[in-house]
Amino acid sequence: MDLNNYYAAEQWQKIQTFAETKASPFLLVDLDRVEFKYQELRHGFPQAHIFYAVKANPSCEIINRLDKLGACFDVASIYELDRVIECGITAERISFGNTIKKATDVAYAYQKGVRLFVTDAQADLEQIAQFAPNSRVFVRVLVESGPTSDWPLSRKFGCDREMAIDLMVQAKKMGLQPYGVSFHVGSQQNDVRVWKTALDAVKHIFDTLQQQHDIQLKLINAGGGFPAQYLAQIDSIQEYARHIQGYLTENFKQEITLFLEPGRSLVGDAGVIVSEVVLIANKSEQDQKRWIYTDVGVFNGLIETLGEMIKYPIYTPKMQNGSPQADVVLAGPTCDSTDIMYEKIGYPLPKDLAMGDRLYWLSTGAYTTSYASVEFNGYPPLKTYYL
């Protein structure tokens, strides 16, 4: 693994120097990198309202930095809503972006001033109408993310195009403001063409509502899906923006409001999990493949390695010495057999790796601390430090 593909030498020295003074495991987040990724997205989509998906990393430090840059915020629960409001964000900059919510959640968000809700089901729409009257609602349409998404979001969220149309018609009858359509192409989406398929569906919904029901939608919420830099090579955000802007121009001649809901792409590359090798073992005298057990695992930060779906770059200083490498199995410290990060892919690490050596898991700023368990096997939540 070439560290230069991820960090400039000066930046990495700053990270390593800071890490040397702290006991592992922990996550280290570079807030300047978060700002850089935000500005990069802003440059590619100058017309968009960027709603940070708080679930990716709900830390106040990140929220405060993005607040200063003018970001808006997408929350998935009343707990995230409280966190964002506690950070000084006003309700008009918040979208309740989860289609699955209790009536009491809707009422609570409305009482806090939220007036923007997503829906994908008749029952949910009815409770929005009852407990958040006259709010703006947008409907989430079902989009297949396909095999090109490393963390698919299909099936559980969204409805088909015809139901989306019907829900917007019903929203108007219920005294709500039918505002637009949202979709999500799958997290860590590696094929920008999936956005074209999604926007074709959105165009059908827009046109049908205007022509048959005299409802003019204003919003396209294109969700997240922009990738972080893991092991596999990805296109630049500029390349994604160029294609998606083209799809928008091709499909929509009228003026529209564009929302984006990035999470992973804003904070993923800004994080490094620092861990330590706890044990190195073989399963038999004949077995040459080493098992490397670290003090961080599936349950305290690395849950997205389940199924070996997200493949994090891993660095150890011994890579700088040109040490020969061999495939290993990487596993966490808990007494649960699910706590194995990489076994099938055969992760290459230096042969002279020893117990006590440090492993740096790159691009781990997203969906690590927010997924970490609380006291499984007694392990505390993953600590986080900020540069």
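Residues numbered from 1 in each chain as written. Predicted model: local features only at pLDDT ≥ 70, side-chain atom pairs only at ≥ 80, totals over all residues. Heavy atoms only, no water.

Caption draft 1: Structural view of the packing of helix H7 (residues 161–173) against helix H8 (residues 193–213). Between H7 and H8, the shortest axis-to-axis distance is 10 Å and the interhelical angle comes to 45°. Of the possible angle classes, the one that applies to H7 and H8 is oblique. For the element pair H7 and H8, the recorded crossing hand is right-handed. Side by side, H7 and H8 meet where Arg-161, Glu-162, Ala-164, Ile-165, Met-168, Val-169 and Lys-172 of the first sit next to Ala-201, His-204, Ile-205, Thr-208, Leu-209 and His-213 of the second. Of the residues in the contact of H7 with H8, the class split is seven nonpolar, three polar and three charged. (Axes fitted to C-alpha atoms, helices over the stretch in contact; angles between N-to-C directions. Helix = DSSP H or I, 4+ residues; strand = E, 2+ residues; numbered from the N terminus. Parallel < 35°, antiparallel > 145°, perpendicular 65-115°, else oblique. Left-handed = near helix turned anticlockwise from the far one by under 90°. Contact = heavy atoms within 4.5 Å. Nonpolar A, V, L, I, M, F, W, Y, C, P; charged D, E, K, R; others polar.)

Caption draft 2: Representation of the state of the cysteines in the model. The full count for this structure, using the stated rule, is zero disulfides. Here Cys-72 stays unpaired: no disulfide links it, and the sulfur of Cys-87, its closest cysteine neighbor, is 15 Å away. (Disulfide = S-S within 2.5 Å.)

Caption draft 3: Representation of the environment of Ser-95. Within the secondary structure layout, Ser-95 lies in strand S4 (residues 94–96). Linking Ser-95 and Glu-10, residues 85 residues apart in sequence, is a C-alpha distance of 38 Å. Among all residues touching Ser-95, those that are not within four sequence positions of it are Phe-51, Phe-73, Asp-74, Val-75, Leu-116 and Phe-138.

Caption draft 4: Geometry of the environment of Gln-229. Residue position: Gln-229 is located in the loop between strand S10 (219–221) and helix H9 (237–251). Note on Gln-229: relative accessible area 16%, which makes it buried. Along the sequence, Gln-229 and Pro-313 sit 84 residues apart, while their C-alpha atoms lie 8.6 Å from each other. In this view, Gln-229 contacts Tyr-6, Ile-234, Asp-269, Pro-313 and Ser-363; residues no more than four positions away in its chain are not counted. (Buried < 20%, exposed > 50% of the residue type's maximum accessible area, 1.4 Å probe, protein only.)

Caption draft 5: View of unusual backbone geometry. Along the chain, Ser-24 connects to Pro-25 via a cis peptide bond; the corresponding omega equals 0°. Mapped onto the elements of the fold, Pro-25 is located in the loop between helix H1 (9–19) and strand S1 (26–29). Positive phi, close to 65°, is recorded for Asn-134, a residue that is not glycine. Looking at where Asn-134 falls in the secondary structure, it is placed in the loop between helix H6 (122–131) and strand S6 (136–140). Taking the relative accessible area as the measure of exposure, Asn-134 reaches 49% and is therefore partly exposed.

Caption draft 6: How the structure looks around the packing of aromatic side chains. Under the defined criterion, the tally for this structure stands at 20 aromatic pairs. Relative to Tyr-360, the ring of Trp-12 lies with its centre 5.2 Å away and its plane at 75°, an arrangement referred to as edge-to-face. With Trp-12 in helix H1 and Tyr-360 in strand S17 (residues 358–362), this pair connects stretches of sequence that are 348 residues apart. Here the two residues Trp-12 and Tyr-360 agree in accessibility, since each one is buried. Here the aromatic rings of Tyr-52 and Phe-73 are separated by 6.5 Å at their centres, their planes lie at 85°, and the arrangement is edge-to-face. Placement of Tyr-52 in strand S2 (residues 49–53) and of Phe-73 in strand S3 (residues 72–75) is noted, with a sequence separation of 21 residues between them. A network of ring pairs unites the aromatic residues Tyr-7, Trp-12, Tyr-315 and Tyr-360 as a single cluster. (Phe/Tyr/Trp six-rings, centres within 6.5 Å; stacked < 30°, edge-to-face > 60°.)

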